[in-house]
Amino acid sequence: MAHDHEVPELLDDIKTPALKPGSMGHLAPYPATEKHMKPLGFPEARVPDWEKRAVEKMGEMLKKYRSLQVYMDICVKCGACTDKCHYFLGTGDPNNMPVQRAELMRSVYRRYFTVGGRMFPGLVKARDFDEETLKQWFTYYHQCSQCRRCSVFCPYGIDTAEISMAAREIMDAIGVGHKYTAEIVNKVHDIGNNLGIPKPALSGTLQFLEDDMLENTGHEIKLPLDQEGAEVLLITPSADFFSEPHIQSLMGYAKVFHQAGISYTISSYASEAANFGMFIGSFEQKKKIAKRVAEQARALKVKRIVVGECGHAWRVAYSFWNTLNGPFDYLDPRYPVPQHICEFTHDLIQKGALTFDKEANDAYVVTMHDSCNVARASRMGSHPGGQFTIPRDLIRATCNHFVDMDEDTIHEKTLCCGGGGGLLTDELMDLRIKGAMPRVTALKRVMDEHKVNFLALICAICKAQFNKILPMYGIPMDTVGGVHQLVSNAIQLGTNKGIV
Amino acid sequence: MLTFLTYAVLVVFVAGFVWKIALYARSPAPLLIPTTPAPVTYIGVKMRLMREVVFFESLFKADKLLWALGYAFHVTMLLVLIRHIRYFFETMPPYFEEYQIIGKLAGFAMVGALTLLMARRILIDRVRHISSIADHLILLLFLGIGGSGLLMDYVLRPDIIAIKRAMTTLWTSPEATLSVTGPGDVLFILHLIMVAVLLLIIPFSKLMHMDGIFFSPSRNQVDNPREKRHINPWNRD
Ligand code: SF4
Ligand code: SF4
Ligand code: SF4
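Residues numbered from 1 in each chain as written. Chains lettered and ligands numbered in written order. Predicted model: local features only at pLDDT ≥ 70, side-chain atom pairs only at ≥ 80, totals over all residues. Heavy atoms only, no water.

Visitor: Got a minute to help me understand the overall build of chain B in this structure?
Guide: Scanning chain B for helices and strands turns up 11 helices and 0 strands. Restricting the contact set of chain B to residue pairs at least 6 apart, pairs at least 24 apart contribute 73%. When the accessible surface of chain B is totalled, it reaches about 12,100 Å², and 75% of it is carbon and sulfur. Computed over 23 positive and 16 negative side-chain charges, the separation of the two mean positions in chain B equals 7 Å. (Helix = DSSP H or I, 4+ residues; strand = E, 2+ residues; numbered from the N terminus. Contact = heavy atoms within 4.5 Å. Areas by Shrake-Rupley, 256 points an atom, 1.4 Å probe, with all protein chains shown as cover. Lys, Arg positive; Asp, Glu negative; His and termini not counted. Charge placed at Lys NZ, Arg CZ, Asp CG, Glu CD.)

Visitor: Even after reading the chapter, I still don't get the site of ligand 3, so can you show me in this structure?
Guide: Taken together, the residues surrounding ligand 3 are Ser 145, His 369, Ser 371, Cys 372, Asn 373, Cys 416, Cys 417, Gly 420, Cys 459, Ile 461 and Cys 462 of chain A. Looking at the shell around ligand 3 residue by residue, the class counts come to 6 nonpolar, 5 polar and no charged. (Near = heavy atom within 4 Å. Nonpolar A, V, L, I, M, F, W, Y, C, P; charged D, E, K, R; others polar.)

Visitor: Got a minute to help me understand the pattern of salt bridges in this structure?
Guide: Pairing is possible between side chains that carry opposite charge, provided their charged atoms lie close to one another. Summed over all chains, the structure comprises 42 salt bridges over all chains. Here Asp 223 of chain B and Arg 379 of chain A are joined by a salt bridge, their closest N and O atoms 3.0 Å apart. Here Arg 379 of chain A lies in the loop between α18 (372–377) and α19 (386–398) and Asp 223 of chain B lies in the segment after α11 (217–220), a pairing that spans two chains. The two residues Asp 223 of chain B and Arg 379 of chain A agree in class, both being buried. The partner of Lys 444 of chain A in a salt bridge is Asp 448 of chain A, and the shortest N-O contact between them spans 3.7 Å. Linking Lys 444 of chain A with Asp 448 of chain A, this pair stays in helix α20 (residues 429–450), spanning 4 residues, or about one helical turn. Take Lys 444 of chain A: its relative accessible area is 28%, and that puts it in the partly exposed class. Overall, the relative accessible area of 54% leaves Asp 448 of chain A in the exposed class. One salt-bridge network, held together by shared partners, links Lys 52, Arg 53, Glu 56, Lys 57, Glu 60 and Glu 169 of chain A. (Salt bridge = Lys/Arg side-chain N within 4 Å of Asp/Glu carboxyl O. Buried < 20%, exposed > 50% of the residue type's maximum accessible area, 1.4 Å probe, protein only.)

Visitor: Could you clarify how one ought to interpret the domain arrangement of chain A in this entry?
Guide: Where interface size is given, it is often the accessible area lost as the parts come together that is meant. Residue and element names in this part refer to chain A. Taken domain by domain, chain A holds domain 1 (2–177) and domain 2 (185–403 + 452–490). Inter-centroid distance (C-alpha atoms) of domain 1 to domain 2 is 31 Å. Contacts between domain 1 and domain 2 engage 21 residues on the former and 18 residues on the latter. Broken down residue by residue, the surface that domain 1 buries against domain 2 is led by Leu 40, Arg 148 and Met 165, which jointly contribute 30%. Connecting domain 1 to domain 2 are 0 salt bridges. The tally of links between domain 1 and domain 2 comes to 5 residue pairs in polar contact (both at pLDDT 80 or more). Sorting the residues of the side of domain 1 that touches domain 2 by element identifies α1 (34–37), α9 (149–153) and α10 (160–173) as the ones contributing at least two each. Tallying contributions element by element places α10 first for the side of domain 1 that touches domain 2, with 5 residues. Across the side of domain 1 that touches domain 2, the residue classes break down as 11 nonpolar, 2 polar and 8 charged. (Domains from an automatic or database assignment. Buried area = accessible area lost by both parts, 1.4 Å probe. Polar contact = N/O pair within 3.5 Å; in protein donor to acceptor, adjacent residues only side chain to side chain.)

Visitor: What's the story with the pairing of strand β6 (residues 454–457) of chain A in this structure? I'm lost.
Guide: The side chains of a regular strand alternate, first on one face of the sheet and then on the other. Residue and element names in this part refer to chain A. Along β6, one buried face is formed by Phe 454 and Ala 456 and the opposite face, lined by Leu 455 and Leu 457, is buried too. Across 3 bridges, the pairing between strand β5 (residues 366–368) and β6 is parallel. In the strand pairing of β6, Thr 367 is matched with Leu 455. (Pairing = 2+ DSSP bridges.)

Visitor: In this structure, what is going on with the side chain of Glu 103 of chain A? I would like to understand it.
Guide: Counting through the fold element by element, Glu 103 of chain A comes out in helix α5 (residues 98–113). In this structure Glu 103 of chain A touches Lys 77 and Arg 110 of chain A, once residues within four positions along its chain are discounted.

Visitor: Just to check I follow, could you spell out the interface of chain B and chain A for this structure?
Guide: Between chain B and chain A, the residue contacts involve 61 residues of the former and 76 residues of the latter. Carbon and sulfur atoms supply 56% of the area that chain B and chain A bury against each other, a total of about 5,500 Å² over both sides. Among the residues chain B hides against chain A, the three largest losses belong to Arg 126, Ile 130 and Arg 226 of chain B. Together they make up 15% of the total. Applying the counting rule to chain B against chain A returns 7 salt bridges. Its salt-bridge partner being Arg 379 of chain A, residue Glu 227 of chain B comes within 3.2 Å of it at the nearest N-O pair. Of all elements in the fold, only α1 (2–26), α3 (57–62), α5 (96–123), α6 (125–130), α7 (133–154), α10 (209–212) and α11 of chain B reach the threshold of two or more residues within the side of chain B that touches chain A. Ranked by residue count, the leading element in the side of chain B that touches chain A is α6 of chain B, at 5 residues. When grouped by side-chain class, the residues that make up the side of chain B that touches chain A number 28 nonpolar, 17 polar and 16 charged.

Visitor: Looking at this structure, how should I read the sheet that holds strand β4 (residues 339–340) of chain A?
Guide: Through backbone hydrogen bonds, the strands of a sheet pair up, either in parallel or in antiparallel fashion. Residue and element names in this part refer to chain A. With respect to topology, 4 strands assemble into an open sheet ordered β2-β1-β3-β4, the strand pairing being parallel. Where the open sheet ends on each side, the last strands, each with one partner, are β2 (264–266) and β4. Inspection of the sheet shows strand β1 (residues 232–235) paired to β2 by 3 bridges, in the parallel sense. Across the sheet, residue Val 232 finds its bridge partner in β2, namely Tyr 264.

Visitor: Just to check I follow, could you spell out the side chain of Lys 20 of chain B for this structure?
Guide: Looking at the secondary structure, you find Lys 20 of chain B in helix α1. Residue Lys 20 of chain B is classed as buried on the basis of its relative accessible area, which comes to 6%. Aside from chain neighbours lying at most four places away, what touches Lys 20 of chain B is Asp 73 of chain A together with Pro 203 and Met 208 of chain B.

Visitor: Just checking my understanding: could you explain helix α16 (residues 311–325) of chain A for this structure?
Guide: Note that an α-helix has 3.6 residues per turn; residues three or four places apart therefore point the same way. All names here are of chain A. Taking 1.5 Å per residue as the helical rise, α16 with its 15 residues ought to reach 21 Å, and the 20 Å between its terminal C-alpha atoms agrees with that figure. The axis of α16 is deflected most strongly, by about 50°, at Ser 319. Burial analysis of α16 places 15 of its 15 residues in the buried class, the great majority of the element. (Expected span 1.5 Å × (residues − 1). Bend = angle between axes of the 7 residues up to and from the residue.)

Visitor: It is not clear to me how the sheet that holds β6 of chain A should be interpreted in this structure. Could you clarify?
Guide: Residues and elements named next belong to chain A. The 3 strands are arranged β5-β6-β7 in an open sheet whose pairing can be described as parallel. For this open sheet the edge positions go to β5 and β7 (480–482), each flanked by a neighbour on one side alone. Across the sheet, the mean angle from the axis of one strand to that of its neighbour is 35°, orientation sign disregarded. Relative to β7, β6 is paired through 3 bridges, and the arrangement is parallel. (Axes fitted to C-alpha atoms, helices over the stretch in contact; angles between N-to-C directions.)

Visitor: Is there a simple way to think about a nonpolar patch on the surface in this case?
Guide: A surface patch of nonpolar side chains, about 960 Å² in accessible area, is lined by Val 115, Met 119, Phe 120 and Leu 123 of chain A together with Val 12, Trp 19, Ile 133, Leu 137, Leu 140, Leu 200 and Phe 204 of chain B. When contributions to the nonpolar patch are tallied by element, the ones reaching two or more residues are α6 (115–119) of chain A together with α1 and α7 of chain B. Top element by residues in the nonpolar patch is α7 of chain B. It accounts for 3 residues. Relative to the helices and strands, Leu 200 of chain B resides in helix α9 (residues 183–201). (Patch = residues over 30% accessible without salt bridge, like charges linked within 9 Å, V, L, I, M, F, W, Y side chains within 5 Å.)

Here is the structure:
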């Protein structure tokens, strides 16, 4: 496994590499087939007049998205973003510099939509949308995890993630799709979650976990499914039901609900917080996927919605749900809709409803990976930056030993795990390994300097990615875990139960 | 002729500028996408934009050297432009005399910063890689304008009195014209042509960043999606 891929050597610090043009040009994802494209309303194969159709679609998108129109126009090519993308830092491929990734589209934009590009294509670097361009689009717009790190540093906030999403939507419109993401979007429509877990399997797992918790804690901690009239609807990434270490966090949430005495339910119909509609850039798909949640909130007559640990899912939930399927005026107005599980637990701690035995986590020296979508595309609590302080407050409340990584690699400057944006697929492993290098470099440093042995985070994709990648860098798999895994370890059950 | 050309250039510039602003202002923002942490109030957003425009806040985070050069260039250009006011008015308030020295120093600093920006574009492989001929030409154009300005100030002085007369009268009298009596005057005409070219390309080039920043959704949106429902104009239900 690990030896199939070349793993970069870790240096003491993150270094800007020399340019290695074309070094990642070979690594495109598997294309989607008719089977995945058709049900999503995309052409089943590349349409005959695809060049023309793509340009038309771009024209439509420019009229629908101010971000695209403005970002196509105003980049001054200052280069401030060139060394900010983890994929560039890991690969040296100039097409992975955010500005150059965007240029793949901007050059086409100039050719068809600007005076300069129509008249002097050579002067302004304008190019036709042809076979070669499409190949580069398909390759490099699937080497962007839509992490938005570039947008933090750009003097105009140009967000290459927006451009990647638009590129993917344009490609879908001409029948050129990405298999992994298209497959998953289909699964969520057909079954209700990305993993394709049907209800019987889901309820079986939940039962098993309840038994497990009973055995380990002596408390009857519930993981209720489809329970009408519960106070809270818990929407969490389906990986939380089946993958390690995700499951540990799920048990953490369950213990928090149990201890607070707040009734809740999981939904089998909306058993997925993730929303891959975002990765393929489609507003319609985002909306359709998220609709399952709004429908279930009504059907199950809950008062609140709480979202589990997931990066892009939290972005969609926090930033987009209200626009997509709001207003949520049928829910309890005293609570924000939706609420992050970290906000939920944090509130309970503030109210004194939870007590912790920090020593339970004494084996760990913990550091925190800010998942990009939480860090740069959402908020927790009422103040800007709550997305950084609230999870750290939870860690400090449940652990004695916490240190942060280098300040240039956390908070809004956090480095992506390398597997976000719909790239968590095996054929892109080489990219995932190299893209993780900057993050792992910073992690390795605190491991060496402060004996850190636990990387806490709140994203299902990050967990899956690190689980696979860290061992390749010689870091044990069980270094990775959710914030609520720490909560789960330290929470004191039975004391002060149900204070709120 | 001069009057006609001046108005023609200004019309293209203003019309192009307004057209672009209208285009940006009219294109819809379907979702809230501020880069967070972002202000949670409208006033906060104004402050954020102000910090970007006045201090280049994000660029400062990104690259200190580039920030220093870019900032120096923009500020000195502003100072130099202010100095130019005197060419357009018959009489100037006396304190403007004091300003001359600032304006002159700024002129040197501006050309210096531009030269270093140009060097950076050529020497740093990443920046060279992303540059098109147009990117280099725009810098050269600014250098040409700044350089010719300095030359006129210190080496080949044109007939300032005549120029000032032309500049103050051309708005109303179509007869206004520029006389060429020495190399300095040729230089001035060159200077003027380059400024005209600059004005003409602004609306159609990356120089629109000067107003695009105000329309950048990642910077100009309030982070309040839960508190206030944002409506997508093309998908209202
Ligand atoms: S930082 Fe922004 S303006 Fe500068 S090159 Fe990158 S995208 Fe363009
Ligand atoms: S969004 Fe992230 S992955 Fe994409 S170009 Fe920007 S920094 Fe790179
Ligand atoms: S998977 Fe995690 S780190 Fe990677 S893009 Fe998503 S939120 Fe960011």
